[in-house]
Amino acid sequence: MSLLEAKRYEHQEAESRWSQFWEEQGIYQYDPDSTKPLFSVDTPPPYASAAHLHVGHAMSYSQAEILVRQKRMAGFNIFYPMGFDDNGLPTERYVENKYKINKQKITRPEFVALCMKETKLVTENYRQFWRMLGISVDWSLEYNTIGPKAVKVAQSSFLDLVKKGLARRKKDPIMWDISMQTALAQADIETIERNGLLNSVAFKSAEDEKELIIATTRPELIPACVALFCHPDDKRYQSLLGKNALTPIFKHSVPILADDTVDPEFGSGLMMVCTFGDPEDIAKWKKYKLDTRVIIDERGMANHFAGEFEGLHINKLREAVLARLKETGELKGQTQTLQRVSVAERSGTPVEYIPHLQWFISLMDHQNDFLNRADQLDWYPDYFQKRHDHWVEGLKWDWCISRQRFYGVPIPVWYCEDCAYTHFAEPHQLPLDPTTTGPGLERCPVCGSQAFRPEGDVFDTWMTSSLTPQINAGMTLNDDYTWAAERPGLFPMSVRVQGFEIIRTWTFYTLVKSHFHHQGLPWKDIVVSGWGLDKQGQKISKSKGNYEDPSDIVKNFSADALRYWSALGTLGNDLRYNEQEVKSGQKLLNKLYNSTRFLAQTVGDGYKHHWDNEALMPVDRWLLAANAKCVEQVTDFFEKYDYSNALRTVERFFWDSYCDNYLEMIKFRLWENPEQEKSYSDAQIQAGKAVAVEVLYSIVKLLAPVIPFVTEHLYQGFFKDQIEGEPVSIHIASWPKPSHEGWNQAQLKDGERVSEILSLIRKQKIEQKIGIATKVAQVTLNAPAEVLGACQDFQSEIASAVRAMELVLVEGPSLLCEVKGLE
Ligand SMILES: [Zn+2]
């Protein structure tokens, strides 16, 4: 009883107690030998670079975790790991900023050591936060994306794709970030809109010096111009086709060609193609085998093609070229225009396109396969499949997987210095870093050279993250290029949980990898969450200053209350942080605590949990029926990963049916000296107690996935000792099943009618300015015969609930009630 001694539920003491208890008891441990069905969760490894966690993190991780807790109670053997993504650009940037690092002055091993040190600190913060929030992962399954196992899987994936002809190195124009000096993939890009100037510049026909006006937002690319294009049907330029034009300022000669992708309505109908302004330029450059005049290097500095502007940074080049165009009179006009610009998501720098030798994974020939895979997957909510498909349909590039960065998973390759031979590591050698391990070859098998150069690039971070199911299953590549698993049966996993903003990356790339490696899906289901927003509906970020420390919320209102707020958000939708809702959660905890405490005192120390069906009264049968219905609905919602409606349903049942109606109706039987003539048998009193205990226990279990701490507290403080054979924690107790024993549908209907009558009478009391809990002399109920029929069996219970000395039932055409107060 000691756990229920306090008059109030003390959440701080309880939450730290149960958190420790779960750990000591190993409640959340995955059991590889279990005979239960397996439920495995591919949960997002957060970047180990964000030092601060906000309520958005609390929201998305709680929402997924609630679903896992329910599955655990529903009898599944749970595989629920936690990973940390300490690989790649986010970590690298974080460390660079924190230590103000100059990459020229630090060695790669020194930098990597700093990254490792930093991520260790940050992951510890995360661990503490998840524990505080009650996230029920099995910490023994923790992985990180730069650890040897993850590196081995990522490198295995690469070798397998090379073997299959799906990964190769090619020199191609790629998207390039001049600030971070690395290649980018399409998924690293976002499009922004900004105001710009559309400049009309004058080219000249090489033949007759006639002016040819071109409208361009990027005049700095004039030195990179390699052709002019018009639409094949554009009459204005027919005579020029196949001839040449001279560029302004630079006066180099470019061909005039036609292509039906040119919009004759835009500007003058003539456009310049440069190497390279955008993917359209690249397409025409390839199709028409145009010249190459790339004017900038990897840092964005102009080269000799820029003539007098050589050495200028691309950011200054535009102004310089425009100034010169004005001087020469070749600038014919400027108009404001709204520009859509591709920028690197992480740095915000406009993307440049330069030819570069990079490693790519083929995507462009497989779009239909990817769409089919996505269609085989069960999406929750289902509309997110569209978002994935839209991304796949809009793909323009193969996946560039090499990055010119310090920190990441090394590409296990060496190159012969004297010929084109590329030497790949063998699967059994993995993981390895070619910059510290030799190729193990005496001579190049092609040219005999003894000089090898290791690949210094690293993989795109998604190269590893796209393999989290394989990392979880402990999969590696055998030397015969078959995959083996440390945990067979774990792949494919049951479910992926993640945020919607990484559908185009994490979901997509994971589907791609699973399709290419295993010709199947990586999971059966995918569950997608929205964003936690601030009170004003803005995305939370530290720089915006709208950041609220979730630890403070937990301290003030409890982790359960914060989880409760999370669960009010429907799956897939954004949710604003709302302190009122957190407080509502706290109210629920207190009400549960008080009800259980009250019940524990009422049933007394010698209580034995059983009832005799014969002794059940109509009101008991109704509650059992209503409870069965509630269990059924809540279970159905959970089957569809709809924790939100599950919570709303059980909460309503608890407040309305259980507390306001049932407990009030059995008050006279259990707690108060009957104020009426009616007396109850011992068996009836026992039945009332037992049904009250039975149903409250069911409610507490139904709420346990959402509010794990208080429900454990109540379980340990009361329910566990009442019911024989219950396990050590509520979180491994069995999920309630809808029981049909002791009631029938008619009793459910009658009870629901009576519940409506109760609200009617209470409303009447309020209208007559009588307190709901105030005793009254008489309540007269006018009602049609069928309603009266339902009330007949509940007469003394209704009187008990509305505190009436007497209840008079009168048949009448419509529902009316009259309340007479005490004299
Ligand atoms: Zn060679």
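Residues numbered from 1 in each chain as written. Predicted model: local features only at pLDDT ≥ 70, side-chain atom pairs only at ≥ 80, totals over all residues. Heavy atoms only, no water.

Under an unreviewed UniProt entry, the name given to the chain is Valine--tRNA ligase. Turning to the chain, the UniProt annotation filed under Catalytic activity (unreviewed entry) states: "tRNA(Val) + L-valine + ATP = L-valyl-tRNA(Val) + AMP + diphosphate". (UniProt positions renumbered as here; feature names shortened; annotations may be inferred.)

**Some remarks on the packing of aromatic side chains**
Evaluated as defined, the whole model comprises 36 aromatic pairs. Their ring planes at 50 degrees and their centres at 5.2 Å tell us that Phe129 and Trp130 sit as a pair that is tilted. Residues Phe129 and Trp130 agree in their burial class; the two are buried. Geometrically, the ring pair formed by Phe158 and Trp359 is edge-to-face, given 5.1 Å between the ring centres and 85 degrees between the ring planes. (Phe/Tyr/Trp six-rings, centres within 6.5 Å; stacked < 30°, edge-to-face > 60°. Buried < 20%, exposed > 50% of the residue type's maximum accessible area, 1.4 Å probe, protein only.)

**Digging into the domain arrangement of the chain**
The domain boundaries assigned to the chain delineate domain 1 (182-352) and domain 2 (757-823). Each of domain 1 and domain 2 has a C-alpha centre, and these two points are 83 Å apart. (Domains from an automatic or database assignment.)

**Describing empty space enclosed by the protein**
Following the criterion strictly, the structure yields two cavities of 30 Å³ or more and no others. Space inside the largest cavity adds up to approximately 60 Å³. Lining of the largest cavity is provided by Leu221, Thr275, Phe276, Val294, Ile295, Ile296, Ile314, Glu352, Tyr353 and Ile354. When residues in the lining of the largest cavity are grouped by element, the largest group, three residues, is from strand E14 (residues 352-361). Class assignment for the residues of the lining of the largest cavity results in eight nonpolar, one polar and one charged. (1 Å grid on protein atoms, 1.4 Å probe; cavity = no way out; pocket = protein on both sides within 12 Å on 5 of 7 lines; lining within 4 Å. Points joined across faces, edges and corners; volume = space filled by probe spheres on them. Helix = DSSP H or I, 4+ residues; strand = E, 2+ residues; numbered from the N terminus. Nonpolar A, V, L, I, M, F, W, Y, C, P; charged D, E, K, R; others polar.)

**So, the pairing of strand E8 (residues 211-216)**
Note: strand E7 (residues 189-205) against E8, six bridges, orientation antiparallel. Considered in E8, the bridge of Lys204 is made with Glu211. Between E7 and E8, which follow one another and run antiparallel, lie five residues, and Glu209 among them has a positive phi close to 65 degrees. (Pairing = 2+ DSSP bridges.)

**Some remarks on the pattern of salt bridges**
Per the counting criterion, the structure on display carries 38 salt bridges. Among the salt bridges present, the one from Arg405 reaches Glu96, with a minimum N-O distance of 3.7 Å. Of the two residues, Arg405 sits in the loop between strand E17 (402-403) and strand E18 (413-416) while Glu96 sits in helix H3 (residues 89-99), which places them 309 residues apart along the sequence. Accessibility classification places Arg405 together with Glu96 in one group, the buried group. Ionic pairing is found between Glu664 and Lys667, a salt bridge with its closest N-O pair at 3.2 Å. Given the relative accessible area of 15%, Lys667 is considered buried. (Salt bridge = Lys/Arg side-chain N within 4 Å of Asp/Glu carboxyl O.)

**Some details on the coordination of the zinc ion**
Donor atoms from the polypeptide that coordinate the zinc ion comprise Cys416 (SG), Cys419 (SG), Cys444 (SG) and Cys447 (SG), at 2.2 to 2.4 Å from the metal. Each of the four donor atoms bound to the zinc ion contributes to angles spanning 102 to 115 degrees, and the resulting shape is tetrahedral. Donor residues binding the zinc ion come from one chain and are separated in sequence as C-x2-C-x24-C-x2-C. Linking Cys416 in strand E18 with Cys444 in the loop between strand E19 (422-424) and strand E20 (452-454), this pair joins segments that are 28 residues apart in sequence. According to the relative accessible area criterion, Cys416 is buried, its value standing at 5%. Classification of Cys444 as buried rests on a relative accessible area of 3%. (Donors = N, O, S within 2.8 Å, 3.2 Å for Na, K, Ca; no water. Tetrahedral: all angles 85-135°; square planar, octahedral: opposite > 155°, others 65-115°.)

**Notes on helix H13 (residues 550-557)**
Among the residues of H13, Pro550, Ile553, Val554 and Phe557 are the ones counted as buried. Projected down its long axis, H13 shows its buried positions confined to an angular sector of 100 degrees, all on one face. Each element contacted by the buried residues of H13 is listed here: helix H1 (11-25), helix H2 (55-73), helix H4 (108-133), helix H14 (559-568) and helix H15 (579-603). By the N-cap criterion, in which a side-chain oxygen at the helix start approaches the backbone nitrogen of a residue two or three places on, H13 is capped by Asp549, the distance to Ser551 being 2.9 Å. (Arc of directions from axis to C-beta. Contact = heavy atoms within 4.5 Å. Polar contact = N/O pair within 3.5 Å; in protein donor to acceptor, adjacent residues only side chain to side chain.)

**A word on the layout of surface pockets**
Taken as a whole, the second largest pocket encloses approximately 390 Å³ of empty space. If you go around the second largest pocket, you meet 19 residues; those closest to its centre are Asn627, Glu694, Ser698, Lys737 and Ser739. Of all elements in the fold, only helix H16 (618-639) and helix H19 (682-703) reach the threshold of two or more residues within the lining of the second largest pocket. Broken down by class, the residue content of the lining of the second largest pocket amounts to 10 nonpolar, five polar and four charged.

**Some remarks on unusual backbone geometry**
In the segment running from Thr275 into Phe276, the intervening peptide bond is cis, with an omega of -5 degrees. Mapped onto the secondary structure, Phe276 falls in the loop between strand E12 (271-274) and helix H6 (279-287). In the segment running from Tyr380 into Pro381, the intervening peptide bond is cis, with an omega of -10 degrees. By the secondary structure assignment, Pro381 is in the loop between strand E15 (378-380) and helix H9 (384-393). Even without being glycine, Ile249 reaches a positive phi, approximately 60 degrees. By secondary structure assignment, the location of Ile249 is in the loop between strand E10 (244-246) and strand E11 (253-258). Located in the positive-phi region is Tyr481, a residue other than glycine, with phi close to 65 degrees. Within the element layout of this structure, Tyr481 appears in the loop between strand E22 (475-477) and strand E23 (483-485).

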